[in-house]
Amino acid sequence: MKTQVAIVGAGPSGLLLGQLLSRSGIANVIVERQSADYVLGRIRAGVLEQSTVDLLAQAGVNARLQAEGLPHDGVCLAFGGQLHHIDLFGLTGKRVVVYGQTELTRDLMEARSAAGLSTVYQAENVSVHGIDGRSPSLRYRQGGVEQVLQADFIAGCDGYHGVCRASLPAGAVTEYEKVYPFGWLGLLADVPPVHEELIYIHHQRGFALCSQRSRTRSRYYLQCALDDRVERWSDQAFFDELRLRLPEAVRHNLVSGPSLEKSIAPLRSFVAEPLRFGRLFLAGDAGHIVPPTGAKGLNLAASDVNFLWQGLVEHYQGASDAGIDHYSRRALARIWKAERFSWWLTSLMHNFPDSGSFAAQMQAAELDYLFSSTAAMTAMAENYVGLPTD
Ligand code: APR
Ligand code: PHB
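Described below are features of the structure shown in this document. Throughout, a residue's number is its position along its own chain's written sequence, starting from 1. Note on labels: chains are lettered from A, ligands numbered from 1, in written order. The predicted nature of this model means local features are confined to residues of pLDDT at least 70 and side-chain atom pairs, given and counted, to a pLDDT of 80 or more, with totals for whole chains, interfaces and linings taken over all residues. Side-chain measures were taken over the full set of non-hydrogen atoms in the model, leaving aside hydrogen atoms and water.

A short note on the overall build of the protein chain
Now for step 1: Of regular secondary structure, the protein chain possesses 14 helices and 20 strands.
Now for step 2: Against the globule reference of 21 Å for 390 residues, the protein chain gives a C-alpha radius of gyration of 21 Å, in line with a compact fold.
Now for step 3: Taking the principal axes of its C-alpha atoms as reference, the protein chain extends roughly 60 × 40 × 40 Å.
Now for step 4: Counting over 390 residues, the protein chain shows a buried share of 52%.
Now for step 5: Entry remark: accessible area of the protein chain is about 16600 Å², with carbon and sulfur atoms responsible for 50%.
Now for step 6: Only four residue types enter the tally: Lys and Arg on the positive side, Asp and Glu on the negative side; His and the chain ends are excluded. The atoms used to mark charge sites are NZ of Lys, CZ of Arg, CG of Asp and CD of Glu. Positive and negative charge centroids in the protein chain, built from 35 and 40 side chains respectively, lie 3 Å apart. Strands are runs of DSSP state E lasting at least 2 residues, helices are runs of H or I lasting at least 4, and numbering of each runs from the N terminus. Radius of gyration: over C-alpha atoms. The globule rule applied is 2.2 Å multiplied by the number of residues raised to the 0.38 power. Buried, partly exposed and exposed residues are distinguished by accessible area as a fraction of the type maximum, computed with a 1.4 Å probe on protein chains only: under 20%, between the cut-offs, and over 50%, respectively. Residue exposure ignores everything except the shown protein chains as possible cover, and the areas themselves are Shrake-Rupley values with a 1.4 Å probe.

Observations concerning the site of ligand 2
Now for step 1: Surveying the vicinity of ligand 2 reveals 15 residues, the closest of which are Y200, S211, R213, Y221 and P292.
Now for step 2: Taking R213, its side chain carries an N or O atom lying 2.6 Å from an oxygen atom of ligand 2.
Now for step 3: Polar contacts, as used here, are pairs of N or O atoms within 3.5 Å; protein pairs need one atom able to donate a hydrogen and one able to accept it. Residues neighboring in sequence count only if both atoms are side-chain atoms. At 3.2 Å, a backbone N or O of A295 approaches an oxygen atom of ligand 2.
Now for step 4: Looking at the shell around ligand 2, the elements that each hand over two or more residues are strand 15 (208-212) and strand 16 (218-224). Being near a molecule or strand, for a residue, means having at least one of its heavy atoms within 4 Å of it.

Concerning the packing of aromatic side chains
What describes a pair of aromatic rings is the distance from one ring centre to the other and the angle between the planes of the rings.
Now for step 1: Under the pairing criterion, centres of Phe, Tyr and Trp rings, with the six-membered ring standing for Trp, must be within 6.5 Å; the plane angle then separates stacked pairs below 30 degrees from edge-to-face pairs above 60, leaving the rest tilted. What the rule picks out here adds up to 14 aromatic pairs.
Now for step 2: Look at W184 and Y221: their rings are 4.8 Å apart centre to centre, the planes differ by 45°, and that puts the pair in the tilted class. Of this pair, W184 sits in strand 13 (residues 174-189) while Y221 sits in strand 16, and the two are 37 residues apart along the sequence.
Now for step 3: Residue W184 is classed as buried on the basis of its relative accessible area, which comes to 3%.
Now for step 4: Classification of Y221 by relative accessible area gives buried; the value is 10%.
Now for step 5: With a centroid separation of 5.9 Å and an interplanar angle of 75°, the aromatic rings of F238 and F239 are classed as edge-to-face.

Section: the environment of S211
Now for step 1: With respect to the secondary-structure elements, S211 resides in strand 15.
Now for step 2: It is 6.9 Å that separates the C-alpha atoms of S211 and I199, two residues lying 12 residues apart in sequence.
Now for step 3: In what follows, residue pairs with any heavy atoms lying within 4.5 Å of each other are defined as contacts. Once residues lying within four places of it in the same chain are set aside, the contact partners of S211 are L198, S218, R219 and Y220.

Quick notes on the side chain of S342
Now for step 1: Counting through the fold element by element, S342 comes out in helix 12 (residues 327-349).
Now for step 2: Under the relative-accessibility criterion, S342 is labelled buried at 0%.
Now for step 3: There is a polar contact of 2.8 Å between the side chain of S342 and the backbone oxygen of A338.
Now for step 4: When residues no more than four places from it in sequence are discounted, the contact partners of S342 are V290, P291, T293 and K296.

Pasting the structure below:
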C-alpha cells in the first residue's frame, strides 16, 4: 500500500490531521493500535480555545460543536473558601467552549468514514522504517497478515506511549520532564453542574475541579495521592470529599449521582525536542504532555496539527519546504508557553505534600495578588483562552 502521509494514531491529533489533509487533497492513511470503541472510551478534558474551534471549522467538523458546545465567558478560582470570577471575555475579548474530547473524537471519526477515508484499527506491532531516506514506511500486522504502508511522510500522532518517538535513535531527542507528587481522581456523572462556570479549587484537603460536559452532565476531579486506587472510592465517598472542598457559595448546589466513569490519572509535564526527524513528525501527546490543569492538551495537539498541515500543504503545492522545516521550532514556541501555564496553574492550585509552610504562604500571596490585580488576571485569562497560534 502507498499513500502520501502515513499517520500513526487515531486520537484527536491523527484524526484532525487526516481530515485537514484530505480536504486539501493530500492522501493519508491512519494506522491505530486499538479499536475505534476503545479510543472513544477514553475520557479527557473538554475545554476548547477559540483557535481550536476555528481549526475544527476549517476541517468541516464543527456542526455538532456549534450546536452543543457551551461557550464560557469566564472561569472561577476558589481560595480560602471564597469564589473568585475571572472575566475571560472582559479581559481578553475571547471565550472558551466546553465540548468533550470524546464527542470531538466521535465527530472526527464520523467525518472520516463519511468521506470514505482509510483507517486501519487494531493494527498490531506497528513499526517505523526509513525516516532518514526519501521513502519511509510503516509495517504492522492486521488480522494475522503483515502489511507495509509506504509514504512520503510519517506523522507520529500516537500519544505519549506511542512507537514513533520510541523508534528514534538514541541521542536524537532531548526530553524534559516533571512528574508531580499527586494524581487526579475523576468522576463523570449525569447530574447538573454545581455552578455555571468551571471552578478550580485550592483547598487544604487538596485541589478540586468542577467541570462539565453539558447542562446535565458533570465532570469532577479531586487531587489524590499517587498510590491511591479508584476501588477505594465509592461514589458517595467522592461526593462527600468534593463537598468538603467546595466553597460555601456553591456547596448547596452539589447534586450527587452514580458515576458513569471513575479513574485516576497521574500529572506530568513533558516535552521532546525536536519534533521532526527526517520524514517523521511528532504531533500532540507523542511530543509533549501537560498536566490537565488549564486543559491545554487537546488545544496544543490542535495547534501542532495546524502547523504541520500548513507545512505539508505548502510542500505538496510545490510552494516551499519552509513550513515543514520550521514545524518543530514553530510548534515548540507555543508548546513551551502552554507548558509554563499548565505548570504554573498546577503549582498554584495544588497541595504539595512535601513543600512546607513557606511554599504554602507563597501560593496564598500569589492568589491574593492575582485576585487584586487586573494585570495578573489578564495574564491568566490570556493564557487560559489560548495564546496566538503564530
Ligand atoms: N501504533 C498505533 N497506534 C498507537 C500506538 C502504536 N504503537 N501507540 C499508541 N497509539 C494510538 C493510541 O491507541 C491512541 O489512540 O495513538 C493514539 C494517540 O492518541 P492520544 O493519546 O489521544 O494523543 P493525541 O491524539 O495526541 O491527543 C492529544 O489527547 O491525551 C489527550 O491531553 C491530550 O487532549 C490531548 C489529546
Ligand atoms: C474536564 O472537563 O475534564 C477538564 C476541564 C478543565 C481542566 C481539566 C479537565 O483544566
